[in-house]
Amino acid sequence: MIQPGKIQVRFADLDVLGHVNNTIYLSYFEMTRVHYFKELLGVNWDWKKNGVVLVHNEVDYIQPVLLHHEPLIYMVTEHIGSKSFTLSYELKVNGIIFAKGKSVLVGFDGEKQQSTVIPDEMKQVLTRLLKS
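Residues numbered from 1 in each chain as written. Predicted model: local features only at pLDDT ≥ 70, side-chain atom pairs only at ≥ 80, totals over all residues. Heavy atoms only, no water.

Draft legend 1. Main features of the overall build of the chain. Scanning the chain from terminus to terminus reveals two helices and six strands. Against the compact-globule benchmark of 14 Å for 132 residues, the chain has a radius of gyration of 15 Å, which places it among compact chains. By principal-axis analysis of the C-alpha atoms, the chain measures approximately 45 × 30 × 25 Å. In the chain, which comprises 132 residues, the proportion classed as buried is 38%. Restricting the contact set of the chain to residue pairs at least 6 apart, pairs at least 24 apart contribute 67%. Carbon and sulfur atoms make up 51% of the accessible area of the chain, which totals about 7800 Å². Of the side chains in the chain, 14 bear a positive and 14 a negative charge, and the two mean positions are spaced by 3 Å. (Helix = DSSP H or I, 4+ residues; strand = E, 2+ residues; numbered from the N terminus. Rg over C-alpha atoms; globule rule 2.2 N^0.38 Å. Buried < 20%, exposed > 50% of the residue type's maximum accessible area, 1.4 Å probe, protein only. Contact = heavy atoms within 4.5 Å. Areas by Shrake-Rupley, 256 points an atom, 1.4 Å probe, with all protein chains shown as cover. Lys, Arg positive; Asp, Glu negative; His and termini not counted. Charge placed at Lys NZ, Arg CZ, Asp CG, Glu CD.)

Draft legend 2. Inspection of the side chain of Thr32 at higher detail. Its location among the elements puts Thr32 in helix α1 (residues 24-41). What makes Thr32 buried here is its relative accessible area of 0%. With residues near it in sequence (within four places) discarded, Thr32 still touches Gly5, Ile7, Ile73, Met75 and Tyr89.

Draft legend 3. Here's a closer look at the packing of aromatic side chains. Across all of its chains, the model carries six aromatic pairs by this definition. With 6.5 Å between their ring centres and 85° between their planes, Phe37 and Phe85 make a pair best called edge-to-face. Taken together, the positions of Phe37 in helix α1 and Phe85 in strand β4 (residues 84-93) put the pair 48 residues apart, joining distant regions of the chain. Residue Phe85 is classed as buried on the basis of its relative accessible area, which comes to 0%. Linked through ring pairs, Phe37, Trp45, Trp47 and Phe85 together constitute an aromatic cluster. Over the aromatic face of Tyr74 sits the side chain of Lys92, whose NZ or CZ is 5.1 Å from the ring centroid. (Phe/Tyr/Trp six-rings, centres within 6.5 Å; stacked < 30°, edge-to-face > 60°. Lys NZ or Arg CZ within 6 Å of the ring centre and 35° of its normal.)

Draft legend 4. How the structure looks around the nonpolar core. Ranked by internal contacts, the top residues of the largest apolar core, which has 31 residues, are Val20, Tyr28, Phe85, Leu87 and Leu91. Elements represented by at least two residues in this core include exactly α1, β3 (72-80), β4, β5 (96-109) and α2 (120-127). If you tally residues by element for this core, the top one is α1, at eight residues. Beyond its immediate stretch of four places on either side in the chain, Tyr28 contacts Ile7, Val9, Arg10, Asp13, Val20, Ile73 and Leu91. (Core = buried A, V, L, I, M, F, W, Y, C linked by side-chain atoms within 4.5 Å.)

Draft legend 5. The arrangement of α1 in detail. With 18 residues, α1 extends 25 Å from end C-alpha to end C-alpha; this agrees with the ideal 26 Å at 1.5 Å per step. Burial in α1 covers these residues: Ile24, Tyr25, Tyr28, Phe29, Thr32, Arg33, Tyr36, Phe37, Leu40 and Leu41. The inward-facing, buried residues of α1 contact β1 (5-6), β2 (51-61), β3, β4, β5 and α2. Positive backbone phi, at 80°, marks Gly42, one or two positions downstream of α1. (Expected span 1.5 Å × (residues − 1).)

Draft legend 6. Representation of the environment of Glu70 within the structure. Looking at where Glu70 falls in the secondary structure, it is placed in the loop between β2 and β3. Apart from residues lying up to four places away in sequence, Glu70 is in contact with Ile7 and Lys92.

The structure is reproduced here in structure tokens:
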């Protein structure tokens, strides 16, 4: 099992009310994707040839995250198609859900600058995270 992404809330993440700004959650989800992909695919994956591009994001803000919080973000695979997949996230503080999100990513060949099918190896590791 992959450990959830651990987030350190920075003072710069906060808005005037002392809450993590709504735009920052997308960065937190991105950091979580990087963490999980590193665990699943290793550091030598050729992202230029077998990359992904983000095409859609959703965020549900349930409770404000504050500076002293220590969020953990859990990520699962919701759907895997031939060229795209959907990931979902739960941001928790002390076991309580503070935010949820989803991202749709498309396979992308950075050398050819075009969408592509998701490599079999990536599909295989994404199935390890399939939501039950």
